[in-house]
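Residues per chain are reported as follows:
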Amino acid sequence: MGCDGGTIPKRHELVKGPKKVEKVDKDAELVAQWNYCTLSQEILRRPIVACELGRLYNKDAVIEFLLDKSSEKALGKAASHIKSIKNVTELRLSDNPAWEGDRGNTKGDKHDDLQRARFICPVVGLEMNGRHRFCFLRCCGCVFSERALKEIKAEVCHTCGAAFQDDDVIVLNGTKEDVETLKKRMEERRLRAKVGKKGKKPKAAESVSKPGVSEESPGPSKIKAVKPEENNLDSREKKANSAPKSAANGSSSGKIGKPLGGAAKRSIADSEESEAYKSLFTTHSSAKRSKEESAHWVTHTSYCF
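Bear in mind that the values here come from a model prediction, so they are computed numbers and not experimental data. (Residues numbered from 1 in each chain as written. Predicted model: local features only at pLDDT ≥ 70, side-chain atom pairs only at ≥ 80, totals over all residues. Heavy atoms only, no water.)

> Hey, could you go over the pattern of salt bridges for me, with residue numbers and the actual values?
Counted by the stated rule, this structure contains 11 salt bridges. In this structure, the salt-bridge partner of Asp27 is Arg131, at a minimum N-O distance of 2.7 Å. Linking Asp27 in helix α2 (residues 26-35) with Arg131 in the loop between β5 (119-120) and β6 (134-137), this pair joins segments that are 104 residues apart in sequence. The class for Asp27 is partly exposed, based on a relative accessible area of 34%. The shortest N-O distance in the salt bridge between Asp178 and Arg133 comes to 3.0 Å. Placement of Asp178 in helix α5 (residues 176-209) and of Arg133 in the loop between β5 and β6 is noted, with a sequence separation of 45 residues between them. Given a relative accessible area of 16%, Asp178 falls into the buried group. (Salt bridge = Lys/Arg side-chain N within 4 Å of Asp/Glu carboxyl O. Helix = DSSP H or I, 4+ residues; strand = E, 2+ residues; numbered from the N terminus. Buried < 20%, exposed > 50% of the residue type's maximum accessible area, 1.4 Å probe, protein only.)

What follows is the structure, encoded as structure tokens:
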């Protein structure tokens with residue numbers, strides 16, 4: 001039954017106690033959050049984007065995730081709130097001049113300091129390694145430390161000068177409380193966008209349902225006030241113009257009046273139209289034929305006479 005051969009079992013080998021909770025190494029967790037993509041678990045490469053909850057992704061991984069229509073997506077829960085490419089912001093990161101990467105480790109015998117960050121804050125100079133809180137702006141994508149935002153209070157971005165509001169500031173890799181507040185902001189923002197789209201649809205329908213209203217019709221502000229003197233002059237001119245018309249109508253005794261002799265007929269040959277347009281009329285030179293070219297339509301059948 002065991003325990004033979006001189007073995008002496010101990011108490012912890014025979015009695016099963018409660019399992020110890022495994023503690024996550026904080027340094028390893030920070031390295032995973034700030035140096036690897038949350039979606040593909042690959043090293044972060046430019047272009048780097050961030051979602052509205054402050055998580056870092058490779059842009060290629062986000063595009064592949066959106067294009068993948070299969071129901072079973074690897075690590076889909078980490079990016080389930082990303083519905084389109086508009087939900088992420090491309091980050092403007094400042095390189096750390098002290099970071100060498102793998103350039104000096106050619107033989108593999110060099111110690112890699114994982115706490116040395118690739119990017120720094122352009123305002124204060126702090127390294128973006130997780131030891132300090134960093135944030136980015138949704139309006140422009142610039143990244144800087146939270147200390148720079150608090151010490152240099154301004155309504156304009158410190159790097160590019162774009163105006164921003166408190167709602168545009170998103171903390172990168174924040175705590176659970178930060179993620180909850182950012183999630184509430186995200187839901188409120190998307191709800192406002194839906195309400196705005198619904199409000200635009202009825203306005204467009206109203207404009208289509210009123211075709212009788214012409215856009216060129218002058219409004220009340222465009223109508224000029226006419227003086228009484230100008231009204232009298234206009235009435236006199238109308239009477240003078242209507243007198244010859246009535247005389248011409250009386251002489252014709254109900255027949256359609258001919259145009260006045262003073263009005264000259266317009267010749268198509270004298271107009272400034274193109275030759276192709278002029279050739280459509282019989283007055284054009286191409287329509288006139290000589291006597292030799294004209295045919296004599298003579299027939300000897302009886303039913304034509």
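> Describe the packing of aromatic side chains, naming the residues involved and giving the relevant values.
Using the criterion set out here, one finds 1 aromatic pair in the structure. With centroids separated by 6.4 Å and ring planes inclined at 70°, the aromatic side chains of Trp34 and Phe134 adopt a geometry described as edge-to-face. Of this pair, Trp34 sits in helix α2 while Phe134 sits in strand β6, placing them 100 residues apart in sequence. (Phe/Tyr/Trp six-rings, centres within 6.5 Å; stacked < 30°, edge-to-face > 60°.)

> Please provide a residue-by-residue account of the sheet that holds strand β3 (residues 89-90), values included.
As summarised here, the arrangement of the 3 strands in space is β2-β1-β3, forming an open sheet in which the pairing is antiparallel. Of all the strands in the sheet, just β2 (56-58) and β3 have a single pairing partner and so form its edges. Running over the sheet, helix α3 (residues 59-67) touches β1 (48-50), β2 and β3 and is turned about 80° from β2. (Pairing = 2+ DSSP bridges. Contact = heavy atoms within 4.5 Å. Axes fitted to C-alpha atoms, helices over the stretch in contact; angles between N-to-C directions.)

> Describe in detail the sheet that holds strand β7 (residues 143-145), supporting the description with residues and values.
A sheet is described by the order of its strands in space; here 3 strands give the open sequence β7-β6-β8, paired in antiparallel fashion. Here the strands that pair on one side only, and so sit at the sheet edges, are β7 and β8 (169-171). Each neighbouring strand pair of the sheet contributes to a mean axis angle of 35°, computed without reference to strand direction. Pairing analysis gives 3 bridges linking β6 to β7, with the strands arranged antiparallel. Each bridged residue has a counterpart across the sheet, and for Phe136 the counterpart in β7 is Val143.

> Got a sec to walk through the layout of surface pockets? Specific residues and values, please.
A volume near 360 Å³ is recorded for the second largest pocket. In this structure, the second largest pocket is lined by 14 residues; those nearest its centre are Lys86, Asn87, Arg189, Arg190 and Ala193. For the lining of the second largest pocket, the leading source of residues is α5, giving 5 residues. Tallied by class, residues from the lining of the second largest pocket come to 5 nonpolar, 2 polar and 7 charged. (1 Å grid on protein atoms, 1.4 Å probe; cavity = no way out; pocket = protein on both sides within 12 Å on 5 of 7 lines; lining within 4 Å. Points joined across faces, edges and corners; volume = space filled by probe spheres on them. Nonpolar A, V, L, I, M, F, W, Y, C, P; charged D, E, K, R; others polar.)

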